[in-house]
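Next come the chains, spelled out residue by residue.
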Amino acid sequence: MASSSGPALNEELQCSICLEVFTDPVTTPCGHNFCRTCLSKCWTDTQPCFCPLCKDTFSRRPDLKINTTLREVAQHFKEKLNLGEPEVFCDACGERKQKAVKTCLTCPSSYCETHLEPHLSVPRLKKHKLINAVENLEDYICQKHERPLELFCRDDQTCVCLFCTEGEHRTHNTVPIEEESREKKNQLVQTQTDVYQTIQDRMKKIQEIKHSVEMRKRNTEKEKSSSVELFTDLIRSIERCQSEQLKMMEEQQKAAEKQAEDLIKELEQEITELKRRNTELEQLSHTDDHLKLLQMSSSLYSRPHSKNWTEIRIDSDVNLKSLISALTELKKTLDVTLHEKLCQTGLTWAQTFAVDVTLDPDTADPYLILSEDGKQVSDGDIRRNVPENPKRFDHAVCVLAKQGFSSGRFYYEVQVKGKTEWDLGVARESINRKGEVIRLTPDDGFWAVILRNENEYSACEKSLVSLSLRVKPEKVGVFVDYEEGLVSFYDVESRSHLYSFTGQTFTEKLYPFFSPGRNDKGKNSNPLIISLLMN
């Protein structure tokens, strides 16, 4: 069993806290197993109680019983893999050797309880060096002097005998093995505590990551739903506008047809009247009744009353003015709505590439003050005595991040609240860092947005591009797509797009770039603060 299924079974019998085979295993209500001591220690430091593996929380501390079956299996497994103490037999016994309890390093031999008795009662033997029974006795004897290894040389970090301290280890710092062992045990306990705490921290980080993924999933679903609603509303608006315009055009067509029908009827009536008179005129022109001709001439010679039809017509062109006007207004609404929505969606997408950024003190100008965690920078107004470094800005109040990127996408956010001046962006590795004048342009290796005089925002192209912002950003997001040659800036709070450098070509590693600006007698003392995003 140990050879064929040992590793797999070892995982099944392993406590997830200490990562060792179970000792007195207990089972939580959620079904997971832990060493009783490990779980008790874990619950001593936490309120309320929860499962260290699945994080299920319990309203009250469970009354845990030892899982005896699992304990027996674990103990059997330990014995099979020789995880317990090795068996050492007495050297003084005859054919039926008993298990040794002590080993004498002076004799040197191992003894059972019976044969050990002289070492506990005879004065000369009581001076011998006894230890717990060991199998590899030669490891405890000085190979040079054949004496017990009773001392530890701290200079050479090795065990030595008493004779060694009279020779090559005479001037070295030596202490009894027991003393050094106690110190080492204390160090092991501290290391174990550190490892245990690291395990807890890593498990907590796993839960944070899982929680972040779940929150992002929820936000993504919410954004998807919002986007569907937006485009559905837009489609409905277009369909409604289309329906109204078609209805209006149909009504105009019906009105035109009715007008044409009335005009035709009126024209037909005039034609009938004119035909009748023409017939009368034809008859009179051939009559020999002179008296009748003279009597009717006054009424027939006058031209019949008729409308002036010259200016009357039915317009064949459809009136599109109102339709075009409505569509133009709708387009304006769509453009504004879509722009705002796409900016928000773009920022949400960019934030999925968030990275942990910290400031590099080796690049910081001597006037800059960096926080211990490397997340804040401000101008201290006093030049500090710092080591010379080719990476350091020596006159411009600038600093780069420790992290550099030569591929892919990355995003970070910086709080700029309360400042009257700042520079933010990315810079290539080979930028000029010396001298007072540093040009923040793409040609010089910088892609940056800046603030001057409290309200003047600009993008640093070859010549400054003024940015008209509706609100004053308090937190700025910077997104880079290395392969696409894109650097975009966002106002995080209003979720609006500030500016983008597009069509760039990156050939070097890019570093996040920061300048908090001069202190300006306290007017610009607020630090730039790198935000830690939990995705």
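Keep in mind that what you see is a predicted model, and the values were worked out from it rather than measured.

Colleague: Sorry, what's going on with the nonpolar core here?
Modeller: Generally speaking, a soluble globular protein has its nonpolar side chains buried in company with each other. Core analysis: the largest hydrophobic core is formed by 36 residues, its most contacted members being Trp422, Val487 and Phe514. Leave out the neighbours within four places in its chain, and Phe514 touches Val357, Leu359, Val397, Cys398, Val399, Ala401, Tyr412, Val414, Asp423, Leu424, Leu528 and Ile530.

Colleague: Help me out: how do you make sense of the layout of surface pockets in this one?
Modeller: Empty space among the atoms can be located by rolling a probe the size of a water molecule over them. Taken as a whole, the largest pocket encloses approximately 620 Å³ of empty space. Ile131, Asn132, Tyr140, Ile177 and Ser181 are, among the 23 residues lining the largest pocket, the residues nearest its centre. Going through the elements one at a time, β5 (130-132) and α6 (177-284) are the ones with two or more residues in the lining of the largest pocket. Ranked by residue count, the leading element in the lining of the largest pocket is α6, at six residues. Taken together, the residues of the lining of the largest pocket break down into 12 nonpolar, two polar and nine charged.

Colleague: I'm lost on the sheet that holds strand β7 (residues 158-160) in this one. Help?
Modeller: With respect to topology, three strands assemble into an open sheet ordered β7-β6-β8, the strand pairing being antiparallel. Taken across any chain shown, the strands that pair with only one partner, and hence form the sheet edges, are β7 and β8 (174-176). Averaged over all pairs of adjacent strands, the angle between their axes in this sheet comes to 35 degrees, without regard to strand direction. Sheet topology note: the strand β6 (residues 151-153)/β8 ladder contains three bridges and is antiparallel. The partner of Cys153 across the bridge, within β8, is Thr174.

Colleague: Would you take a moment to explain the pairing of strand β14 (residues 446-452) for this structure?
Modeller: In the case of a regular strand, side chains alternate between the two sheet surfaces. Burial runs high along β14: six of the seven residues are buried. By the bridge criterion, six bridges tie strand β13 (residues 422-428) to β14 in an arrangement that is antiparallel. Bridged to Val426 within β14 is Trp447. Where β14 and strand β15 (residues 456-460) come together, four bridges link them in antiparallel fashion.

What counts as what
The residue numbering used here restarts from 1 in each chain and proceeds along that chain's sequence as written. pLDDT decides what is reported in this predicted model: residues at 70 or higher carry local features, side-chain atom pairs at 80 or more are listed and counted, and totals for whole chains, interfaces and linings draw on all residues regardless. Hydrogens and water molecules were not included; the side-chain quantities draw on all heavy atoms of the structure. To define a nonpolar core, start from buried Ala, Val, Leu, Ile, Met, Phe, Trp, Tyr and Cys residues and group those joined through side-chain atoms within 4.5 Å. Only protein chains enter the calculation, and the probe is 1.4 Å; a residue is then buried if its accessible area is under 20% of its type maximum, exposed if over 50%, and partly exposed in between. In this description, contact between two residues means that some pair of their heavy atoms is separated by no more than 4.5 Å. For each structure, a 1 Å grid was placed over the protein atoms alone; sets of points admitting a 1.4 Å probe that cannot get out are labelled cavities, open sets with protein on both sides within 12 Å along at least five of seven lines are labelled pockets, and lining residues have an atom within 4 Å of a point. Grid points are joined across faces, edges and corners, and a volume is the space filled by probe spheres set on the points. Comment: elements are numbered from the N terminus, with helices defined as DSSP H or I runs of at least four residues and strands as E runs of at least two. Polar here means any residue other than Ala, Val, Leu, Ile, Met, Phe, Trp, Tyr, Cys and Pro, which are nonpolar, and Asp, Glu, Lys and Arg, which are charged; Gly is therefore polar. Two strands form a pair only when DSSP identifies at least two bridges running between them. Note on geometry: axes are C-alpha line fits, over the in-contact stretch for helices, and angles between N-to-C directions span 0 to 180 degrees.

Interpretation in functional terms is not warranted from these geometric data alone.
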